[in-house]
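The residues making up each chain are set out below.
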Amino acid sequence: MAVDRMVRTPISEQDPKVRATNFDEVCLGYTEEEAIKEASRCLNCKKPLCVSQCPVTIDIPTFIQYVKEGEFEKAARTIAQASALPAVCGRVCPQEVQCEGKCVLGIKGESVAIGKLERFVADWARENNIDLNETKEKNGKKVAVIGSGPAGLTCAGDLAKLGYEVTIFEALHEPGGVLIYGIPEFRLPKDTVVKHEIDNVKKLGVKIETNVIVGRTVTIDSLLEDEGYDAVFIGSGAGLPKFMGIPGENSNGVFSANEFLTRSNLMKAYIDDYATPIKVGKKVAVVGGGNVAMDAARTALRLGAEVHIVYRRSESELPARVEEIHHAKEEGVIFDLLTNPVEILADENGWVTGMKCVKMELGEPDASGRRRPMEVAGSEFIMDVDTVIMSLGTSPNPLITSTTEGLKTNKWQCIVADEETGLTSRDRVYAGGDAVSGAATVILAMGAGKKAAKAIDDFLSKN
Amino acid sequence: MYKIVNKRQLGSQIYLMDIEAPRVAKSANPGQFVIVKMDEKGERIPLTICDYDRDLGTVTIVFQTLGESTKKMAQYEEGEFFSDFVGPLGMPSEFVKEDIDELRKKNILFIAGGVGTAPVYPQVKWMFNNDIKVDVIIGTRTKDTLILEDEMKAVAGELYIATDDGSYGYKGMVTNLLKDLVEKEGKKYDLVVAIGPMIMMKFVCQLTKELNIPTVVSLNPIMVDGTGMCGACRVTVGNEVKFACVDGPEFDGHLVNFDEAMRRQAMYKTEEGRAILKIEEGDTHHRPGCDCE
Ligand SMILES: Cc1cc2nc3c(=O)[nH]c(=O)nc-3n(C[C@H](O)[C@H](O)[C@H](O)COP(=O)(O)OP(=O)(O)OC[C@H]3O[C@@H](n4cnc5c(N)ncnc54)[C@H](O)[C@@H]3O)c2cc1C
Ligand SMILES: Cc1cc2nc3c(=O)[nH]c(=O)nc-3n(C[C@H](O)[C@H](O)[C@H](O)COP(=O)(O)OP(=O)(O)OC[C@H]3O[C@@H](n4cnc5c(N)ncnc54)[C@H](O)[C@@H]3O)c2cc1C
Ligand code: SF4
Ligand code: SF4
Ligand code: FES
Ligand SMILES: [Mg+2]
């Protein structure tokens, strides 16, 4: 097959005009032929730089060689050695700054589409019912995992494979963490991809108890002392939304991105016969520039609104993935950059009628290395909007730390845990993922879950 | 799945259910609430814990049929199941942690409005179990909407009933009755706990501020997760934004911005109206020109 090594095999996507009105997945994935073609671009490097940038060190050249040979099952087994959620990571990893960011082909041309190939392999394995699980005999020891996001699922899966009896305690009525309540269907299909990955973890023997809030229904101490768990892993994420603290922020029609996305994703408010209501209004401002902001904006768009992203820095500082920004623009999201809200205006019944903003310009670099945005004097203006979605970041929820004596946190409310083992200031209590790092990525949370599983096994097999 | 082990109609639109939920029963305290989700497509409905039996592993809820979800909930029968039932949520009432001897020295008055009688009950019962006699006012529209009278009588010190139409007990609002008790009957209270419709709590707080009686209220803003993850439940208390589901639901009533809370509570009215229309009119609702689409 003649392949231009420098150019990526295109992947099909839903037409922007069509997809802006539905919740089906945007990216349609490679066909077998396309995947083989893309895989054949890989140089199978002796010292693969791509692998060095993958937080769970997937053996990328090996799995890609298998794809090239059409040996998809072998490719899937290669990935499974390192990652439990490849169909998820292939879709949502910030590949451009991880594996693909260091691919040698990226120096002169386009890097290999590692994420898209990973996704292809995972989808193929699911569609062909390949069972990738190998578990050891039960060893009679019990571990409790708090939270069923990527960190918890990975830690639980790894421990179950090693023979532990693992129960995940999840506060919500459905497992998956941000994969279920945060990231929208059009980026990460729930029934096919997410539920399948969760079923895989269940197949390993992991029990998932939903509707259990640690810190309310049970406590870490009651799990260790009354329920006989030998160790606990905390993967409770960073779910507490921030607000700006500007006047009018409690007006009707101002939501956190978490609320808006939870109503739409977890509660499926976008489907007619689900009971949970959602308000979208006619003109929506989404304040913020990260992945969460893009998700909220594109969800509001699909619910029929005109949507503006309002961000105080410029395009090059937008923290969201390039692909998401590109998709949002294609779909018709309007970007109001260098703009900062200062007040939300409301009518006499408390409903949003507009948002007072100021224009910004960039000054000298600040502590984060990015140029500091500064107000342009006299630039105040009113944006005509009836809904405002605040997407300013999240921090860990204090429910667990405030009910667990001796569990240390830092000034950002994050749980203090050893980087290599996840061990916290409490004996037998480990933690990882967003609860420790603050809001980060799926793959980093998985990596932390993996490390903690290993450390828990090391500890419990000695004791 | 959470089994309905007992169902009882308390009034024309008020139902009581005992739900099998051993983990919740084990940890529940007065002042806390649960969230119920009936089935896959249901919404998450917050309801106060009205009683709990740790031995039987059951939790009692009492609800009033208002909109689509509570109406549907009323159709569930004994032996059927709710798909989800999570709790206890929120903070227990502050008195649970207070020194019992100090508490016994206080004159406490509970004011319950309508279906708010249900959440007041476990608190009064807790007092009774700790040998503390408290007074209770139950305010309701009319005699037919009065609930839990006998249960409350069994645990309260003095029980006063006020009906808007005078069909039973005192004729008038709970605020009129409270004023009479303090000004005409010389009652002295060190603490008022008021639970009921937002508007009732607002007026009770206005009065108790004048009378200089510290007052605790239980807020019921719109909620989604109930764990501090969405911020739908935010309320302003003493110029600070609080999440009622984790910081509350009980707050110092004299600091609560009730006007804002009431505005926020009305946020989903039109959507709900749509849903009710859909139930009542079926598919004919989706007629051309209907502007509620
Ligand atoms: C809208 C959105 C879009 C994102 N997009 C991307 C992306 O494209 N790529 C990417 O890599 N990352 C993305 N992220 C970030 C990524 O999702 C998170 O970093 C990752 O999910 C963190 O995993 P976790 O397991 O630590 O926590 P979470 O996924 O947050 O899971 C924590 C779980 O613990 C549960 N829990 C919390 N407290 C308790 C308690 N007390 N008791 C019991 N259970 C509890 C929660 O309900 C939740 O289910 C996005 C995040 C959001 C919100
Ligand atoms: C902490 C708390 C404790 C509560 N305890 C009780 C109780 O013990 N008994 C009882 O009958 N009711 C209680 N409520 C109110 C109850 O949750 C609502 O009546 C119910 O959700 C209405 O649902 P609906 O679909 O039937 O009505 P809708 O037609 O959807 O709404 C009618 C009204 O109910 C309120 N409401 C609607 N959705 C929600 C929601 N998700 N969260 C909160 N309020 C909502 C709003 O004020 C709305 O205007 C409590 C609410 C909270 C927050
Ligand atoms: S897990 Fe993420 S970083 Fe690792 S290879 Fe896959 S897409 Fe790249
Ligand atoms: S760096 Fe690029 S070319 Fe080299 S092995 Fe990795 S993916 Fe293949
Ligand atoms: S209900 Fe979501 S934060 Fe309180
Ligand atoms: Mg409702």
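About the cut-offs
- Residues numbered from 1 in each chain as written.
- Chains lettered and ligands numbered in written order.
- Predicted model: local features only at pLDDT ≥ 70, side-chain atom pairs only at ≥ 80, totals over all residues.
- Heavy atoms only, no water.
- Near = heavy atom within 4 Å.
- Nonpolar A, V, L, I, M, F, W, Y, C, P; charged D, E, K, R; others polar.
- Contact = heavy atoms within 4.5 Å.
- Buried area = accessible area lost by both parts, 1.4 Å probe.
- Salt bridge = Lys/Arg side-chain N within 4 Å of Asp/Glu carboxyl O.
- Polar contact = N/O pair within 3.5 Å; in protein donor to acceptor, adjacent residues only side chain to side chain.
- Helix = DSSP H or I, 4+ residues; strand = E, 2+ residues; numbered from the N terminus.
- Areas by Shrake-Rupley, 256 points an atom, 1.4 Å probe, with all protein chains shown as cover.
- Domains from an automatic or database assignment.

K.L.:
Just to check I follow, could you spell out the site of ligand 4 for this structure?
P.N.:
Taken together, A:Cys42, A:Leu43, A:Cys45, A:Cys50, A:Pro61, A:Cys103, A:Val104, A:Val112 and A:Ile114 make up all the residues around ligand 4. Grouping the constituent residues of the shell around ligand 4 by class yields nine nonpolar, no polar and no charged.

K.L.:
So what exactly am I meant to see when it comes to the interface of chain B and chain A here?
P.N.:
Accessible area lost upon the coming together of the parts serves often as the stated size of an interface. The interface of chain B with chain A comprises 47 residues on the first partner and 45 residues on the second. Surface buried jointly by chain B and chain A totals about 3,700 Å² across both partners, of which 50% is contributed by carbon and sulfur atoms. Along the contact surface separating chain B from chain A lie three salt bridges. Between A:Asp273 and B:Lys41 there is a salt bridge, with its nearest N and O atoms 2.8 Å apart. In this assembly, chain B and chain A are joined by 25 residue pairs in polar contact (both at pLDDT 80 or more). Looking at the side of chain B that touches chain A, the elements that each hand over two or more residues are α1 (22–27), α2 (68–74), β8 (84–89), β15 (234–237), β16 (240–243), α9 (258–265) and α10 (269–281) of chain B. Considering each element in turn, the side of chain B that touches chain A owes the most residues, six residues, to β8(B).

K.L.:
Explain the site of ligand 1 to me, please; I cannot follow it from the model alone.
P.N.:
Residue and element names in this part refer to chain A. Taken together, 34 residues surround ligand 1, and among them Val92, Ala151, Glu170, Arg187 and Asp434 come closest. At a separation of 3.0 Å, an oxygen atom of ligand 1 approaches a polar backbone atom of Val178. One of the backbone N or O atoms of Asp434 is found 2.9 Å from an oxygen atom in ligand 1. In isolation ligand 1 has 1,000 Å² of accessible area, and contact with the protein removes 93% of it. Taken together, the elements giving at least two residues each to the shell around ligand 1 come down to α9 (150–161), α14 (291–302) and α17 (442–462). By residue number, the principal contributor to the shell around ligand 1 is α14, which donates three residues. Here the residues of the shell around ligand 1 are counted per class, giving 19 nonpolar, 11 polar and four charged. Each of domain 2 (142–239 + 395–460) and domain 3 (243–392) gives at least three residues to the shell around ligand 1.

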